[in-house]
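Each chain, written out:
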Amino acid sequence: MLIKEVCARIVKDSRNADTIAVSVNGAEWASSPNGKSTGDYETPSYHRSLQWCVDFLNAWCDEISVSKFEDLARVEKAICKNADLKNARAFGANSLYAFESAVLKALASEQGKELWQVVNSKNRKIPFPVGNVIGGGLHSSGVADRPNFQEFLVIPFAKKFSDNLKIMRFVYAEAGKKLNAKLVNDEGAWLVSSDDETALSVLNSVRINAEKKFGVKIGIGLDVASSTLFKDNHYRYNTHSHSLESQFSYISKLISEYNLRYVEDAFEQHDFVSFAKLNKFARKKCLIVGDDLIATQYNRLVGAIRTNSINAVIIKPNQNGSLLELKKIFDLCRARKIKTVISHRSGETLDSGLADYAVGFGADYIKCGVATKWREAKLNRLKEIEKKI
Ligand code: 2PG
Ligand code: MG
């Protein structure tokens, strides 16, 4: 395939914020999401500005030949040359991801393949979904006495993805009823007035019922998103504060008491040492997940492996931008037995590409919410891929 025509435009995400969409050779549009609890180490979203990147792509004139995933290297080289950049990621994570994704969508359409097959047609694994049931923190602004933790998560472990989807939706509906919740937050999770432990015990009791009903193992977890709680060397909760030491005791107590299978960003984004301590404590029974800690950057992942700080990592394509580098990250995780959790952002578009990348890269888990059309776009796409596989 020759890249002959590139169209870019500004579109709105689920929070009505601006983001970029790109189409190559008239094929399906690809777009990037936007985060809110952003990490310090994320690649900036745009070189100069969103408008500048859109204009740059619309003025694209290089005809580049692309016939396989690895040929994205040619695309990245051309960006560097034309925009006078040292590396392609300097073009901005949102603009680079949308462009590369649009190239792959065009390639898939020309070769009569599915998007995931263009990444890797041999991968057949459908990831376990990690669903956001109850919301708090930065994604639930507007409710004064909301939980401090950003996400209360459910992870069903049925063999079939379609069964996991049913279970996740059941848990979501039951938790909503129990909490008498009517409204949802940025990610479609229930918006509630509740303290952290009440929300956690409601989710745990629903989990126990669902395990009985479906006869399937179901885990629960948290995204503490603790960088957003961290001020002046303390974790600031609604009613109290935790020092570095007492944050460790608090989180490890919750892991034991609620048998948590997943804890994301238990500590702020620089604290590899506390992560390592928790990882040792968890002894592989609970996923100790780095999100802001790694920010989908290869070098930070290498550091976390060296210090034994995590046993799982969040991978957000638009935190990095380069799909080639994403592949390197997945390969390193596989080699070092780090579980991979490909993830949406809180401000999403209807692009379902994340589901294809999950399968193409062989992710172990996908975190993309439970409810609302932006999250369902990815979940329904995975259901479709499962049927075809
Ligand atoms: C997170 C993400 C997605 P955001 O913290 O894991 O849930 O949030 O997109 O706002 O960074
Ligand atoms: Mg997170």
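Residues numbered from 1 in each chain as written. Chains lettered and ligands numbered in written order. Predicted model: local features only at pLDDT ≥ 70, side-chain atom pairs only at ≥ 80, totals over all residues. Heavy atoms only, no water.

## Some thoughts on helix H2 (residues 72-83)
This is how the line gets drawn: Only DSSP runs of H or I with at least four residues qualify as helices, and only runs of E with at least two residues qualify as strands; both kinds are numbered from the N terminus onward. The length a helix should cover is 1.5 Å for every residue beyond the first. In what follows, residue pairs with any heavy atoms lying within 4.5 Å of each other are defined as contacts.
Between its first and last C-alpha, H2 extends 16 Å over 12 residues, near the 16 Å set by a 1.5 Å rise per residue. Next to the buried residues of H2 lie helix H1 (50-58), helix H3 (93-111) and helix H11 (323-336). Directly after H2, the chain includes Asp84, whose backbone phi takes a positive value near 55°.

## Considering the site of ligand 1
As a reminder, the rule being used: When we say a residue is near a molecule or strand, we mean one of its heavy atoms is within 4 Å of it. Counted as a polar contact is a pair of N or O atoms within 3.5 Å, where, for protein atoms, one must be capable of donating a hydrogen and the other of accepting one, and residues adjacent in sequence contribute only when both atoms are in side chains. The Shrake-Rupley method, run with a 1.4 Å probe, gives the accessible areas here. Residue values count only the displayed protein chains as cover. The method works on a 1 Å grid over the protein atoms by themselves. A cavity is a set of points holding a 1.4 Å probe that cannot get out, a pocket is an open set with protein on both sides within 12 Å along at least five of seven lines, and residues with an atom within 4 Å of a point line them. For this analysis, a molecule is said to be in a pocket or cavity if more than half of its atoms are within 2 Å of the grid points defining it. When residues are sorted by character, Ala, Val, Leu, Ile, Met, Phe, Trp, Tyr, Cys and Pro go into the nonpolar class, Asp, Glu, Lys and Arg into the charged class, and all the rest, Gly among them, into the polar class.
Around ligand 1 there are 15 residues in total, and Lys36, His139, Glu151, Glu187 and Ser346 lie nearest to it. The side chain of Glu264 places a nitrogen or oxygen atom 3.0 Å from an oxygen atom of ligand 1. One nitrogen or oxygen atom from the side chain of Lys316 is found 3.5 Å from an oxygen atom belonging to ligand 1. In isolation ligand 1 exposes 310 Å². Once the protein is present, 99% of that is buried. More than half of the atoms belonging to ligand 1 lie within 2 Å of the grid points that define the second largest cavity. Partitioned by chemical class, the residues of the shell around ligand 1 number no nonpolar, six polar and nine charged.

## Here we look at the side chain of Asp364
Within the element layout of this structure, Asp364 appears in the loop between helix H12 (353-361) and strand S15 (365-367). Residues within four places of Asp364 in sequence aside, it is in contact with Lys125, Pro127, Phe128, Ile338, Lys339 and Thr340.

## Observations regarding helix H5 (residues 161-178)
Let me state the cut-off plainly: Burial classification: accessible surface area is computed with a 1.4 Å probe over protein chains only, and a residue below 20% of its type maximum counts as buried, one above 50% as exposed, and the rest as partly exposed.
Taking 1.5 Å as the rise per residue, H5 with 18 residues should run 26 Å; its terminal C-alpha atoms sit 26 Å apart, in good agreement. By the burial criterion, the buried members of H5 are Phe161, Ser162, Asn164, Leu165, Ile167, Met168, Val171, Tyr172, Ala175 and Gly176. Among the structural elements, strand S4 (128-135), strand S5 (151-156), strand S6 (190-191), helix H6 (196-214), strand S7 (218-223) and helix H13 (373-388) are those in contact with the buried residues of H5. Positioned one or two residues after H5, Asn180 has a phi angle of 55°, which is positive.

## Describing the coordination of the magnesium ion (ligand 2)
What counts here: Counted as coordinating are nitrogen, oxygen and sulfur atoms within 2.8 Å of the metal, or 3.2 Å for Na, K and Ca, while water is not included, which may make sites look incomplete.
Of the protein atoms, only Asp223 (OD), Glu264 (OE) and Asp291 (OD) coordinate the magnesium ion (ligand 2), at distances of 2.0 to 2.2 Å. Sequence spacing of the donors to the magnesium ion (ligand 2): D-x40-E-x26-D. Of this pair, Asp223 sits in strand S7 while Glu264 sits in strand S11 (residues 262-264), and the two are 41 residues apart along the sequence. Each of the two residues, Asp223 as well as Glu264, counts as buried.

## Let's talk about empty space enclosed by the protein
What counts is decided by this rule: Grid points are joined across faces, edges and corners, and a volume is the space filled by probe spheres set on the points.
Taken as a whole and judged by the stated rule, the model has two cavities of 30 Å³ or more. Empty space within the largest cavity amounts to approximately 100 Å³. Considering the residues around the largest cavity, the lining is formed by 15 residues, among which Ser31, Pro33, Tyr97, Glu348 and Leu354 are closest to the centre. Secondary-structure elements contributing two or more residues to the lining of the largest cavity are helix H10 (317-320) and H12. Residues belonging to the lining of the largest cavity are distributed by class as follows: four nonpolar, six polar and five charged. Looking at the second largest cavity, it is lined by 16 residues, and the ones nearest its centre are Ser37, His139, Glu187, Lys316 and Ser346. Of the residues belonging to the lining of the second largest cavity, the class tally is no nonpolar, seven polar and nine charged.

## What about the pattern of salt bridges?
For clarity, the threshold we go by: Any carboxyl oxygen of Asp or Glu within 4 Å of a side-chain nitrogen of Lys or Arg constitutes a salt bridge here.
Per the stated rule, a full pass over the model turns up 29 salt bridges. For the salt bridge of Glu211 with Arg207, the shortest nitrogen-to-oxygen distance reads 3.2 Å. Of the two residues, Glu211 and Arg207 both sit in helix H6, four residues apart, roughly one turn of that helix. Since its relative accessible area comes to 21%, Glu211 is described here as partly exposed. Here Arg207 falls in the buried class, since its relative accessible area comes to 12%. Linked by salt bridges that have partners in common, Glu114, Asp356, Arg381, Glu384 and Lys388 make up one network.

In short, shape yes, function no, at least from these values alone.
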